[in-house]
Amino acid sequence: MEKLEEILRAEEQARHALADAKTRARELRIEAASEAEVLIAQAGREGSQQAAVVTDAIMREAEAEAGRIEAASGDELAEFLQVAQSRLPDAVHAVLDELGR
């Protein structure tokens, strides 16, 4: 009889140990999920920060290129106008000569 009681007590202890292990496993899963959410959120923030840095660099380069293009086109326009103005007197004389014939 004593052996049977020992077996029943051991069985009861095993059931408690199993229940405790299941509870601990559930707690660990919850902790892991929570930590994963924190890591995912952190990675998202870091990704957003990196994207903002890259976007800012691209915008600065685009603005610099736009400035260079604007300056170059201004120079080209000034050169074109200078050439046109230098040719204007000859063109006017040529037209007047044609009209005078």
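You'll find the structure just up there.
Because the structure is a prediction, the values reported are computed rather than measured.

1. Observations concerning the overall build of the chain
For step 1, the next point in the chain: Scanning the chain for helices and strands turns up 1 helix and 0 strands.
For step 2, the next point in the chain: For 101 residues, the compact-globule formula gives about 13 Å, and the C-alpha radius of gyration of the chain, at 43 Å, lies well above that figure.
For step 3, the next point in the chain: In terms of overall dimensions, the chain has a C-alpha envelope of 145 × 20 × 10 Å along the principal axes.
For step 4, the next point in the chain: Expressed as a percentage of its 101 residues, the buried residues of the chain come to 0%.
For step 5, the next point in the chain: Summed over all atoms, the accessible surface of the chain reaches about 9,100 Å², with 61% contributed by carbon and sulfur.
For step 6, the next point in the chain: Once the 12 positive and 22 negative side-chain charges of the chain are each reduced to a mean point, those two points are 13 Å apart.

2. Let's talk about the pattern of salt bridges
For step 1, the next point in the chain: With the rule as written, the count across this model stands at 7 salt bridges.
For step 2, the next point in the chain: Measuring nitrogen to oxygen at the nearest pair gives 2.8 Å for the salt bridge that ties arginine 15 to glutamate 12. Highlighted residues: arginine 15 and glutamate 12, both in helix α1 (residues 2-100), separated by 3 residues, approximately one helical turn.
For step 3, the next point in the chain: Salt-bridge contacts for arginine 60 lead to aspartate 56; the nearest nitrogen and oxygen are separated by 2.3 Å.

3. So, a nonpolar patch on the surface
For step 1, the next point in the chain: Together, Leu88, Val92, Val95, Leu96 and Leu99 give the surface a local cluster of nonpolar side chains, amounting to about 490 Å² of exposed area.
For step 2, the next point in the chain: Along the chain, leucine 99 falls in helix α1.

What counts, and at which threshold
- Sequence positions are assigned chain by chain, starting from 1 and proceeding in written order.
- With the structure being a predicted model, the display of local features is reserved for residues of pLDDT at least 70 and the display and counting of side-chain atom pairs for 80 or more, all residues being used for whole-chain, interface and lining totals.
- Values reported for side chains reflect all heavy atoms of the structure, with hydrogen atoms and water molecules removed beforehand.
- Secondary structure is summarised from DSSP: a helix means a run of H or I of at least four residues, a strand means a run of E of at least two, and numbering begins at the N terminus for each.
- Here the radius of gyration uses the C-alpha set of atoms, whereas the globule reference equals 2.2 Å times the residue count to the power 0.38.
- Exposure classes here rest on a 1.4 Å probe applied to the protein chains alone. A residue is buried below 20% of its type maximum, exposed above 50%, and partly exposed in between.
- Per-residue accessibility takes into account occlusion by the displayed protein chains alone, with areas from the Shrake-Rupley method and a 1.4 Å probe.
- In this tally, Lys and Arg are treated as positive and Asp and Glu as negative; His is ignored, and so are the chain termini.
- Where a charge lies is defined by one atom per residue type, namely NZ (Lys), CZ (Arg), CG (Asp) and CD (Glu).
- Salt bridges are identified by distance alone: a Lys or Arg side-chain nitrogen within 4 Å of an Asp or Glu carboxyl oxygen.
- Residues enter patches when they are more than 30% accessible in relative terms and free of salt bridges; like-charged ones are connected within 9 Å and nonpolar ones (Val, Leu, Ile, Met, Phe, Trp, Tyr) within 5 Å.

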